[in-house]
Amino acid sequence: MDYDVIVVGAGNAAFSAAVSAKESGAKRVLVLEKAPREKRGGNTHFSGAVFRFIYSDVAELDRFVPNAERDYPGFHQGVQPYPVEAFRADLMRVTQDRSDPQLSTILIENSYDTMCWMQETGRMKFELALSVMGVRVGNEVKWPRGAMIRTEHEGVGLSRTWFETAEKMDIEIRYDSGAQRLALAESGRVNGVVVRGPNGIETINAKAVVLASGGFETNPAWRRHYLGDPWDHAKVRGSNFNYGDGLKMALDIGAMPWGHWGGCHATPINAEAPDYGVQHLTDKTNRLSYFLGVMLNVEGKRWIDEGADINSFTYAKYGGLILRQPRSLVYQIFDSKVLQLLEPRYSTSEPFKSETLVGLVNQLKVDHRQALKTLEEYNAAAARGGPFNPAVLDGVHTEGIDPPKTNWAQKLDTPPYVAYPVTGGITFTFGGLKVNQDAQVIATDWKPIPGLYTCGEMVGGLFHYNYPLGTGLMSGAVFGRIAGRSAARG
Ligand SMILES: Cc1cc2nc3c(=O)[nH]c(=O)nc-3n(C[C@H](O)[C@H](O)[C@H](O)COP(=O)(O)OP(=O)(O)OC[C@H]3O[C@@H](n4cnc5c(N)ncnc54)[C@H](O)[C@@H]3O)c2cc1C
């Protein structure tokens, strides 16, 4: 055998698996990365690197962010515990109770322990995700429970640290090496991969293979096939290497598709964003402060409740809803009362600006008369209840308009007014493979395929319709760690 374990892919899930395999006794571990070195790391590189995990006491967070109380007085008092039941409730609520019960239990129950493992074995450094999760209320910063900690330097740091840790552990990495097929022994055991690399086509043998090559978000043909219209036109937020290769390789040998193949994670992004993620821009095209204003489509209409929930629980489905609007274009409109609350990522583009609402809408590619009417009707209906508080579901709502805005519905009455053009960008796909508790891939005869494991975006069943922020990386780390351990032990 050339290797004990081959891991296909070089993102967070892949390295969780590779490092875990090595730690569990696999001597020769190979990571295959289809991308060239300068584009390595998949979606992990582009991510905001926020992790959602359980803790029963806020003191359990100190090991990750020891200076939190010093830097943000009141942190220990202000942050609520996030026990198993709370994580489960969030996951089930946003997935309409469809998250696979066995897999979600594994994910949730192993989340804290896996964070500790990433810190100790993975050598990750963490920080509070101030720019995206901290909400300033007066002089204080409020933190949501569950998802507020990220790796230092976000996805760039997460990805770089995994490569460094793997190199220190003598894990071999080959770039420009895309796996094309799984090699099978006559017994039916997976015993290697066929790879297209710098030296042409090569079969590399191993005792076990872990597939961690992401979903099919980059592949317009598969997006059209599985997600439907108009997903083939979506901009891709992250890597332009995730074409569903690993899924295809596994399905070709009889693996079972599992989960929501018609679903994906997609977010509101700058309408001018490039077609694929750009390494240095990472996740900065996101436009997630819509809950502080209103969104108009090109017909000049609101079509959604911008304040239905905390944006960590709506952003991943609103991207798709925006994409389905005419021309896949909407405008996020704010007045100057909330401008200082917009996520810092908004500073990466220039909005349209005006001292009057009419002056603003006249600059937009919308039905001007209808847009002004919508904003006037919104203003007449807004600001019921209160007081306004961006850190909680504040109940400031509209009355008598459809769709309503159920929280943070302040009037747009303080110039200057601004508008950001926004479209929907795809992040990753939800459809994947069925795995058991050992992250072993299950075939359509409901039996495990010997020698084949998977993790990360390739695991099906966890996410349906929507997704709670910070769960993708946590899932990749939990199932990657399990897959690596299982693969090493054979
Ligand atoms: C902009 C953005 C922001 C995000 N922010 C967050 C966040 O804050 N928190 C969170 O939890 N999640 C976030 N996510 C989602 C998260 O990044 C993904 O869920 C996670 O990175 C998936 O990890 P993975 O290892 O499964 O896939 P990836 O990280 O995408 O890695 C897949 C790897 O496989 C390689 N590959 C593909 N095909 C082949 C092949 N045939 N052979 C060899 N290699 C191949 C790719 O090049 C890549 O290295 C974000 C995603 C994006 C795009």
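As the structure is a computational prediction, the values presented were derived from the model and not from experiment. (Residues numbered from 1 in each chain as written. Predicted model: local features only at pLDDT ≥ 70, side-chain atom pairs only at ≥ 80, totals over all residues.)

## Re unusual backbone geometry
Consideration 1: With an omega of 0°, the peptide bond running from Asp-229 to Pro-230 counts as cis.
Consideration 2: By the secondary structure assignment, Pro-230 is in the loop between helix H10 (220-227) and strand E12 (235-236).
Consideration 3: Residue Pro-387 follows Gly-386 across a cis peptide bond; omega there is 5°.
Consideration 4: Along the polypeptide, Pro-387 turns up in the loop between helix H14 (368-381) and strand E18 (417-429).
Consideration 5: Non-glycine residue Trp-446 carries a positive phi angle of around 70°.
Consideration 6: Tracing the chain through its elements places Trp-446 in the loop between strand E20 (440-442) and strand E21 (448-454). (Helix = DSSP H or I, 4+ residues; strand = E, 2+ residues; numbered from the N terminus.)

## Looking at the nonpolar core
Consideration 1: In this structure, Val-5, Ile-6, Val-7, Ala-17, Ala-18, Val-209 and Val-210 are the most contacted members of the largest nonpolar core, which totals 145 residues.
Consideration 2: No other element matches the 9 residues that helix H15 (residues 471-489) contributes to this core.
Consideration 3: For this core, the two domains that each supply at least three residues are domain 1 (3-216 + 430-489) and domain 2 (267-425).
Consideration 4: With residues up to four places along the chain from it excluded, the contact list for Ile-6 reads Leu-30, Leu-32, Gly-192, Val-193, Ile-204, Ala-206 and Val-209. (Core = buried A, V, L, I, M, F, W, Y, C linked by C-beta atoms within 7 Å. Buried ≥ 20, exposed ≤ 12 C-beta atoms within 10 Å, placed from the backbone. Domains from an automatic or database assignment. Contact = placed C-beta atoms within 7 Å.)

## A look at the packing of helix H1 (residues 12-23) against H15
Consideration 1: Put simply, H1 and H15 touch, their axes get as near as 7 Å, and they point 35° apart. The chirality of how H1 crosses H15 is right-handed. Contacts between H1 and H15 involve Asn-12, Ala-13, Ala-14, Ser-16, Ala-17, Ala-18, Val-19, Ser-20 and Ala-21 from the first element and Leu-473, Gly-476, Ala-477, Phe-479, Gly-480, Arg-481, Ala-483, Gly-484, Arg-485, Ala-487 and Ala-488 from the second. (Axes fitted to C-alpha atoms, helices over the stretch in contact; angles between N-to-C directions. Left-handed = near helix turned anticlockwise from the far one by under 90°.)

## Notes on the packing of helix H7 (residues 111-120) against H15
Consideration 1: The N-to-C vectors of H7 and H15 enclose an angle of 80°; their axes lie 10 Å apart at closest approach. Taken as axis vectors, H7 and H15 run roughly perpendicular relative to one another. Along the contact surface, H7 presents Ser-111, Thr-114, Trp-117 and Met-118, while H15 presents Met-474, Ala-477, Val-478 and Arg-481.
Consideration 2: Taken together, the residues of the contact of H7 with H15 break down into 5 nonpolar, 2 polar and 1 charged. (Parallel < 35°, antiparallel > 145°, perpendicular 65-115°, else oblique. Nonpolar A, V, L, I, M, F, W, Y, C, P; charged D, E, K, R; others polar.)

## A short note on the site of the ligand
Consideration 1: Within the structure, the ligand sits among 42 residues, and Gly-11, Gly-42, Gly-238, Gly-456 and Gly-472 are positioned closest to it.
Consideration 2: Those elements that provide at least two residues to the shell around the ligand are H1, helix H2 (42-46), strand E9 (178-184), E18 and H15.
Consideration 3: The element that contributes the greatest number of residues to the shell around the ligand is H15, accounting for 5 residues. (Near = placed C-beta within 6 Å.)

## Focus: the pairing of strand E10 (residues 190-197)
Consideration 1: Here E9 runs beside E10; their pairing, made up of 6 bridges, is antiparallel. Paired with Arg-181 across the strands is Val-194, a residue of E10.
Consideration 2: In this structure, the hairpin formed by E9 and E10 is closed by a connection of 5 residues, where Gly-188 is found at a positive phi of approximately 95°.
Consideration 3: Sheet analysis places E10 next to strand E11 (residues 200-211), joined by 6 bridges and oriented antiparallel. Pairing of Gly-192 across the sheet is with Asn-205, part of E11.
Consideration 4: Where E10 folds back onto E11 in an antiparallel hairpin, the turn is made up of 2 residues. (Pairing = 2+ DSSP bridges.)

## Thoughts on the sheet that holds strand E7 (residues 147-151)
Consideration 1: Read from one edge of the open sheet, 3 strands run E3-E7-E4, paired in antiparallel fashion. Looking along the sheet, the strands with just one partner apiece sit at the ends: strand E3 (50-52) and strand E4 (126-128). Along the sheet, successive strands turn relative to each other by an average axial angle of 45°, direction set aside.
Consideration 2: Judged from the 3 bridges that link them, E4 and E7 form a sheet pairing that is antiparallel. Residue Glu-127 lies in a different strand from E7, and its bridge partner there is Arg-150.

## Structural notes on the domain arrangement of the protein chain
Consideration 1: The domain boundaries assigned to the protein chain delineate domain 1 (3-216 + 430-489) and domain 2 (267-425).
Consideration 2: With centres defined by C-alpha atoms, the gap from domain 1 to domain 2 works out at 32 Å.
Consideration 3: Breaking the side of domain 1 that touches domain 2 down by element, the ones donating at least two residues are H2, helix H8 (130-133), strand E5 (135-137) and helix H9 (154-168).
Consideration 4: The greatest single-element share of the side of domain 1 that touches domain 2, amounting to 3 residues, is contributed by H9.
Consideration 5: Within the side of domain 1 that touches domain 2, the residues separate by chemical class into 12 nonpolar, 6 polar and 3 charged.

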